[in-house]
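Commentary on secondary and tertiary structure
Residues per chain are reported as follows:
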Amino acid sequence: MKNNIHDLEEKFQARIDAGEKIEPKDWMPEKYRKTHIRQISQHAHSEIVGMLPEGNWITRAPSLRRKLGLLAKVQDEAGHGLYLYSAAETLGISRDQMFDQLHTGKAKYSSIFNYPTLSWADIGAIGWLVDGAAIINQVMLTRTSFGPYARAMVRICKEESFHQRQGYEIMLGLCRGTEEQKEMAQDALNRFWWPSLMMFGPKDEDSPNTEQSVKWKIKRKTNDELRQEFIDITVPQADFLGLKMPDPDLKWNEERGHYDFGEIDWDEFWQVVKGNGPCNKERLKARTDAWDEGAWVRDAANAYAEKQSLKKQSENNKKIAS
Ligand code: FAQ
């Protein structure tokens, strides 16, 4: 038995090394399955919880055009959550189980969504920085080894690119506006810059999952590699806006061909991950309230589905009888 598992694992790794995609019904090590359930469900939860900080501004967007754009973006995020929950379901976990893990605090979601959106400029900063960071991570995931996850990511990335541009366009509008508007944009950058860098996860040396995930090509790049990529792309964008990065240690390193940057406040990161960020409790309450208040919708949908299936069954029975 031991040898059998060993053989299966070797064959599995050989498939991964050859660049093959793993599909839900293929044999896979239990840890590969569990890692995917963890990562995909947490990613799905991030999309759903991520709707909340922006939802806060839908009624207060400064024009109809901005309102339409934001509404469409938030709807896209619900869609991303749904593709991802479906991808995770192929691994044998139910949606109810995943929601239960979110509502009981067992499953994480991205730390970034535990920060408040205090001004309209924050919506620009989220699109520019948060979606910008999400794309860097998710473009990598279009090549991840698990087929359903990789395929979901292709569409999600296309939509995220729109989101990033609408955010940057909001920032550009503010930076070309009045002094007060430019200050709002700078303030949003100051508050969202460091939390955006934290989105990529702990430093590689403190990341317990990276080594195995890279070996299984779940992750094609490490947390630090992606974070550096994001910084290198984003700093010139801030320069173009005429905004100042809130990091005195940020400077181009000719030798490395990358920007050097200051130390991230890892205590803050872990506090937020553990549930003690500025909005953790509020976000979780919004989700559990939505679940409780939506019970009648789920009951009605189930009753309707049951009625339809009985109707279909009785029509089939009639056809067989005639
Ligand atoms: N927040 O060993 P690692 C978006 C946890 S989508 C909270 O490095 P891993 C779209 C990690 O889970 C944003 N927890 O873990 C949008 C692990 O704990 P666990 C979400 C974090 O999995 C935009 C522990 O720390 N994207 O923004 C965070 O190998 C705008 C040790 O860490 C994804 O989920 C964090 N930032 O690497 C929506 C992408 N970082 O689970 C609305 C898919 C780490 O063992 C508006 N996920 N942790 O208990 C990934 O690529 C990976 O899971 C990482 C973490 C890179 C996030």
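Scroll up to find the structure.
Residues numbered from 1 in each chain as written. Predicted model: local features only at pLDDT ≥ 70, side-chain atom pairs only at ≥ 80, totals over all residues. Heavy atoms only, no water.

With that out of the way, let us pick up the site of the ligand. Not every one of the 36 residues close to the ligand is listed here, only the nearest: K108, S111, S207, K219 and N223. Measuring from an oxygen atom of the ligand, one finds a side-chain N or O atom of N137 at 3.0 Å. In this structure, an oxygen atom belonging to the ligand sits 2.8 Å away from a side-chain N or O atom of N223. Elements represented by at least two residues in the shell around the ligand include exactly α2 (30-49), α4 (64-89), α6 (120-141), α7 (147-175) and α11 (266-276). (Near = heavy atom within 4 Å. Polar contact = N/O pair within 3.5 Å; in protein donor to acceptor, adjacent residues only side chain to side chain. Helix = DSSP H or I, 4+ residues; strand = E, 2+ residues; numbered from the N terminus.)

The subject of this paragraph is the environment of S41. With respect to the element layout, S41 can be found in helix α2. Since its relative accessible area comes to 2%, S41 is described here as buried. For S41 and I93, which are 52 residues apart along the polypeptide, the C-alpha to C-alpha distance reads 9.5 Å. Leaving out residues up to four positions away in the same chain, S41 has contacts with H36, Y85 and M98. (Buried < 20%, exposed > 50% of the residue type's maximum accessible area, 1.4 Å probe, protein only. Contact = heavy atoms within 4.5 Å.)

As a further point, take the packing of α6 against α7. At a closest axis distance of 7 Å, the pairing of α6 and α7 adopts a crossing angle of 150°. Relative to α7, the element α6 lies roughly antiparallel. When you trace α6 past α7, the crossing you get is left-handed. Here the residues of the contact of α6 with α7 sort into 18 nonpolar, 9 polar and 2 charged. (Axes fitted to C-alpha atoms, helices over the stretch in contact; angles between N-to-C directions. Parallel < 35°, antiparallel > 145°, perpendicular 65-115°, else oblique. Left-handed = near helix turned anticlockwise from the far one by under 90°. Nonpolar A, V, L, I, M, F, W, Y, C, P; charged D, E, K, R; others polar.)

This part covers the packing of helix α8 (residues 179-198) against helix α10 (residues 223-241). Relative orientation of the contacting elements α8 and α10 amounts to 175°, with a least axis distance of 12 Å. Taken together, the axis directions place α8 and α10 in an arrangement best described as roughly antiparallel. Here K182, W193, S196, L197 and M198 of α8 come into contact with α10, specifically with R227, F230, I231, T234 and L241. Looking at side-chain class alone, the contact of α8 with α10 contains 6 nonpolar, 2 polar and 2 charged residues.

The biggest cluster of nonpolar side chains holds 75 residues, and the ones touching the most others in it are Y32, W128 and W193. Every residue in contact with Y32, bar those within four places of it in the chain, is listed here: F12, I16, I22, S145, F146, W216 and I218. (Core = buried A, V, L, I, M, F, W, Y, C linked by side-chain atoms within 4.5 Å.)

With that settled, consider a nonpolar patch on the surface. On the surface, I5, L8 and W27 cluster together into a nonpolar patch covering about 220 Å² of accessible area. Looking at the element boundaries, I5 is found in helix α1 (residues 2-17). For I5, a relative accessible area of 33% puts it in the partly exposed group. (Patch = residues over 30% accessible without salt bridge, like charges linked within 9 Å, V, L, I, M, F, W, Y side chains within 5 Å. Areas by Shrake-Rupley, 256 points an atom, 1.4 Å probe, with all protein chains shown as cover. Salt bridge = Lys/Arg side-chain N within 4 Å of Asp/Glu carboxyl O.)

Considering all chains together, one arrives at 20 salt bridges under this definition. Between R15 and D26 there is a salt bridge, with its nearest N and O atoms 3.1 Å apart. Of this pair, R15 sits in helix α1 while D26 sits in the loop between α1 and α2, and the two are 11 residues apart along the sequence. Residue class for D26 comes out partly exposed when judged on its relative accessible area of 26%. With its nearest N and O atoms 2.5 Å apart, the salt bridge here joins K73 to E54. Of this pair, K73 sits in helix α4 while E54 sits in helix α3 (residues 51-55), placing them 19 residues apart in sequence.

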